[in-house]
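Coordinates in review
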Amino acid sequence: MLNMILYKYYSDAKYNFEALLNENFFFSKTCKLNDPFDASFQLVKPYKLFLEHIKEHLHPEAENIMGNYGTCSFSEQADNKHLWALYANSYKGFVIGYDKEQLEKIAEVVEAPCPLRPVEYVDALLNLDDLEATFKAFTHGEETTYPIRECFRDSKIMDKLWEYLCFVKEKKIWSNEQEWRLFAGSHITQQRRDNVKKLENGYLLPIPQHAIKEVIIGHNMDYRNIPFICNIAHKYEVEHIGQTQPNTDEKDFSIKLIDALNLCKYKRK
């Protein structure tokens, strides 16, 4: 059985090429995400009873803690037109396909929890004022269900609630992205790690070995960026290079992926 591939969309900005050539992922701080409700304390503010409990018991600085978490996003799809337009600069950028099993090893690399999970798309938010309402949390891949009231007895469970909220998005708007996320919690954002670099807008974490399996170029990419793509393919010994192409044959507004290995005439080591 083939391993699952998760796809990350990149714009053609210079720093994206540099990050990959330096073997780094960029994790954006959640307070810098484009959706004001995505992994945001805005999800919590409507719940007055819950906020009172926070102030009385734990995490008086919860908004700052949550805003400094880091996320790195992927999709199950390589041909998602919405993602190509929004995150890959209208097909001027590119997509990297990552082996899911290798991505999960990033926790070993940084020696800290860094879970990889699919985003949960919901029609309505969890009612945090209902202390018997439950949410799901994961520890070492094992799922546990907690009631809200347990958060006020154990700071570790409260941390799990913040993490849960970072994997929840509005179904009506975002479900077509089929998103997965790597999550950097307080073990990474609040502690010093030799292989984690902290930036103003986020964090640089190392890409695990053998994680990169595919490179896909947008059909509008500037030809001057092709050498960067070739260097990335060479560095990671990628065997498949593809390119997007509007699929006019099917008359259904779709995008197909064609082989583009001939764009990079490189020799493997």
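So, a few notes on the structure that sits alongside this text. All of these numbers come straight from a predicted model, not from anything done at the bench.

1. Notes on the nonpolar core
- Grouped together as the largest cluster of nonpolar side chains are 40 residues, with contacts concentrated most on Phe25, Phe27, Phe74 and Tyr98.
- For this core, the element with the highest residue contribution is helix α10 (residues 226–235), accounting for five residues.

2. Describing the packing of aromatic side chains
- Across all of its chains, the model carries 15 aromatic pairs by this definition.
- With a centroid separation of 5.0 Å and an interplanar angle of 5°, the aromatic rings of tyrosine 10 and phenylalanine 94 are classed as stacked. With tyrosine 10 in strand β1 (residues 5–10) and phenylalanine 94 in strand β4 (residues 94–99), this pair connects stretches of sequence that are 84 residues apart. As far as the burial class goes, tyrosine 10 and phenylalanine 94 line up, both buried.
- Ring centres of phenylalanine 17 and phenylalanine 228 lie 5.0 Å apart, and the angle between their planes is 25°; this geometry places the pair in the stacked category.

3. A few points about the layout of surface pockets
- Counted as a void, the largest pocket has a volume near 890 Å³.
- If you trace the largest pocket, you find 32 residues lining it, with Lys8, Tyr9, Phe26, Ser28 and Tyr87 closest to the centre.
- Elements supplying a minimum of two residues to the lining of the largest pocket: β1, α1 (14–21), β2 (24–29), β3 (70–75), α4 (81–87) and β10 (179–184).
- In terms of residues, the lining of the largest pocket owes the most to one element, β3, which gives five residues.
- Of the residues in the lining of the largest pocket, the class split is 14 nonpolar, ten polar and eight charged.

4. A short note on the environment of lysine 213
- Within the fold, lysine 213 resides in strand β13 (residues 212–217).
- In this structure lysine 213 comes out as partly exposed when scored by relative accessible area, which is 36%.
- Sequence spacing of lysine 213 and isoleucine 157 is 56 residues, and the spatial spacing of their C-alpha atoms is 36 Å.
- Apart from the residues lying within four places of it in its own chain, the contact partners of lysine 213 are Ile5, Gly97, Asp99, Val238 and His240.
- Of the polar contacts made by the side chain of lysine 213, one reaches the backbone oxygen of histidine 210; its length is 3.2 Å.

5. Topic: the pattern of salt bridges
- The final tally for this structure, using the stated rule, is 14 salt bridges.
- The salt bridge partner of glutamate 150 is arginine 153, with a shortest N-O separation of 2.9 Å.
- With relative accessibility at 24%, the residue glutamate 150 sits in the partly exposed group.
- The exposure class of arginine 153 is exposed, given its relative accessible area of 59%.
- Close ionic contact of aspartate 194 with arginine 192 constitutes a salt bridge, the shortest N to O distance being 3.3 Å.
- The network of salt bridges with common partners includes Asp38, Lys169, Glu177, Glu179 and Arg181.

6. Topic: the side chain of serine 11
- Along the chain, serine 11 turns up in the loop between β1 and α1.
- Since its relative accessible area comes to 18%, serine 11 is described here as buried.
- Here asparagine 16 takes part through its side chain, which lies 3.1 Å from a polar atom of the side chain of serine 11.
- Other than its neighbours up to four places away in sequence, serine 11 contacts Asn16, Tyr87, Ala88, Asn89, Gly93 and Phe94.

7. Here's the deal with the packing of α1 against α10
- Contact pair α1 / α10: the axes reach a minimum separation of 10 Å and the direction vectors enclose 20°. With respect to their mutual orientation, α1 and α10 come out roughly parallel. Remark: the crossing between α1 and α10 carries left-handed chirality. In this structure, α1 uses Phe17, Leu20 and Leu21 to contact α10, whose residues at the interface are Phe228, Ile229, Asn231, Ile232 and Lys235.
- Residues that form the contact of α1 with α10 fall into these classes: six nonpolar, one polar and one charged.

8. Examining unusual backbone geometry
- Here the phi dihedral of glutamate 111 falls at roughly 55°; this positive angle occurs in a residue that is not glycine.
- Assignment of secondary structure puts glutamate 111 in the loop between α6 (106–110) and β5 (116–118).
- Overall, glutamate 111 belongs to the exposed group, its relative accessible area being 64%.
- Positive phi values are uncommon outside glycine, yet histidine 210 reaches one of about 65°.
- If you trace the backbone, histidine 210 turns up in the loop between β12 (202–206) and β13.

The rules behind the values
- Residues numbered from 1 in each chain as written.
- Predicted model: local features only at pLDDT ≥ 70, side-chain atom pairs only at ≥ 80, totals over all residues.
- Heavy atoms only, no water.
- Core = buried A, V, L, I, M, F, W, Y, C linked by side-chain atoms within 4.5 Å.
- Buried < 20%, exposed > 50% of the residue type's maximum accessible area, 1.4 Å probe, protein only.
- Helix = DSSP H or I, 4+ residues; strand = E, 2+ residues; numbered from the N terminus.
- Phe/Tyr/Trp six-rings, centres within 6.5 Å; stacked < 30°, edge-to-face > 60°.
- 1 Å grid on protein atoms, 1.4 Å probe; cavity = no way out; pocket = protein on both sides within 12 Å on 5 of 7 lines; lining within 4 Å.
- Points joined across faces, edges and corners; volume = space filled by probe spheres on them.
- Nonpolar A, V, L, I, M, F, W, Y, C, P; charged D, E, K, R; others polar.
- Contact = heavy atoms within 4.5 Å.
- Polar contact = N/O pair within 3.5 Å; in protein donor to acceptor, adjacent residues only side chain to side chain.
- Salt bridge = Lys/Arg side-chain N within 4 Å of Asp/Glu carboxyl O.
- Axes fitted to C-alpha atoms, helices over the stretch in contact; angles between N-to-C directions.
- Parallel < 35°, antiparallel > 145°, perpendicular 65-115°, else oblique.
- Left-handed = near helix turned anticlockwise from the far one by under 90°.

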